[in-house]
Amino acid sequence: MGREITVGNPPIPVQVKQSRHARRLSLRVSRLDGKVSLTVPSFSSDREVSGFLAEKESWLRKHLNDIAPPTPLRIGGTVLLGGIDVPILGGDVKRAALRDGVIVVPQDPATVAPRIKALFKLKARDALVAMSDHYAGVLERSYTRISLRDTRSRWGSCSSEGVLMYSWRLIMAPDDVLNYVAAHEVCHLVEMNHSAAFWGHVAELMPDYQVHRRWLRENGNQLHRYDFGN
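1. Quick word on the sheet that holds strand 3 (residues 26-29)
Piece 1. Sheet architecture is open: four strands sit in the order 1-2-4-3, paired in mixed fashion. The open sheet has two free edges, formed respectively by strand 1 (3-7) and strand 3, since each of these has just one partner strand. The sheet shows a mean angle of 30° between the axes of neighbouring strands, taken without regard to direction.
Piece 2. As defined by bridge partners, strand 3 adjoins strand 4 (residues 36-41) across four bridges and the pair is classed as antiparallel. Paired with Leu27 across the bridge in strand 4 is Leu38.
Piece 3. Against the sheet, helix 1 (residues 46-66) touches strand 1, strand 2 (12-19), strand 3 and strand 4, its axis set at about 30° to strand 3.

Written out as structure tokens, the structure reads:
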């Protein structure tokens, strides 16, 4: 079980987790939400942890200052869709809709974020079902179902029961990046690992997959910068 402590003034909350596998103290700042976590060996004392955090306070504050605050969704603003900044305009509509390269939403500012979220989840499901069906057909495999979540630590997963899970925020990435994640997870229906055989299947489905994998590593945090609310 983890515990939360603070460092400095104003205080920075730090989630501390003990690990019997850790050999040293390891500090991490999430670029997605600015949360600070510290993994410590099971034999570390409270004094050692406090001293370590005190030494790292300046480093922590610098990294936290470099993290951009969440981008609100508003009429007159923009949002990524398919890797492109798309304008958000108010109009006489009941729900968000994509029209001629523009997202049109009801005029009520309070509903902009949830309306766009609903639109993106629908588009993400359509795209991910289509690509999962396509790649599963090529590999002559089948999955049981697809679920969408707003995950922070992974873009997709495949369970041993054949359930494919994807982040709906992938709809904001370029189409080929979304396709890569679908190909990646479908290949786990053949190999439930990341062995050379697994990557061979991915390359079979998408020869240039490394380009799209790199895009996610370098730009994936952009998909999490938007505040869609709860």
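2. Points about the pairing of strand 9 (residues 102-105)
Piece 1. Burial of the side chains of strand 9 extends over both faces: Val102 and Val104 are buried on one face and Ile103 and Val105 on the other.
Piece 2. Taken together, the three bridges between strand 7 (residues 84-90) and strand 9 define a ladder with parallel strand orientation. Looking at the pairing, Leu89 lines up with Val104 of strand 9.
Piece 3. Sheet analysis places strand 8 (residues 97-99) next to strand 9, joined by three bridges and oriented antiparallel. Looking across to strand 9, one finds that Arg99 is bridged to Val102.
Piece 4. Between strand 8 and the antiparallel strand that follows it, strand 9, lie two residues; Asp100 among them carries a positive phi value of about 50°.

3. Points about the sheet that holds strand 10 (residues 145-149)
Piece 1. Strands sit in the order 10-12-11 across an open sheet of three strands; the sheet is mixed. Edge strands, defined here as strands with exactly one partner in the open sheet, are strand 10 and strand 11 (156-158). Across the sheet, the axes of successive neighbouring strands diverge by a mean angle of 15°, strand direction being ignored.
Piece 2. The pairing of strand 11 with strand 12 (residues 163-167) spans three bridges and is classified as antiparallel. Bridging across to strand 12, Gly156 finds its partner in Tyr166.
Piece 3. Seen against the sheet, helix 2 (residues 112-139) touches strand 10 and strand 12 and runs at an angle of roughly 145° to strand 10.

4. Section: the packing of aromatic side chains
Piece 1. Across all of its chains, the model carries five aromatic pairs by this definition.
Piece 2. Seen from their ring centres, Phe198 and Trp199 are 5.0 Å apart, and the 75° between their planes marks the pair as edge-to-face. Each member of the pair, Phe198 together with Trp199, is buried.
Piece 3. Ring centres 5.3 Å apart and planes at 15° place the aromatic pair Trp199 and Tyr209 in the stacked group. Pair noted here: Trp199 is in helix 4 (residues 196-205) and Tyr209 is in helix 5 (residues 209-223), with a separation of 10 residues, a long-range link.

Conventions and cut-offs
- Residues numbered from 1 in each chain as written.
- Predicted model: local features only at pLDDT ≥ 70, side-chain atom pairs only at ≥ 80, totals over all residues.
- Heavy atoms only, no water.
- Pairing = 2+ DSSP bridges.
- Helix = DSSP H or I, 4+ residues; strand = E, 2+ residues; numbered from the N terminus.
- Axes fitted to C-alpha atoms, helices over the stretch in contact; angles between N-to-C directions.
- Contact = heavy atoms within 4.5 Å.
- Buried < 20%, exposed > 50% of the residue type's maximum accessible area, 1.4 Å probe, protein only.
- Phe/Tyr/Trp six-rings, centres within 6.5 Å; stacked < 30°, edge-to-face > 60°.

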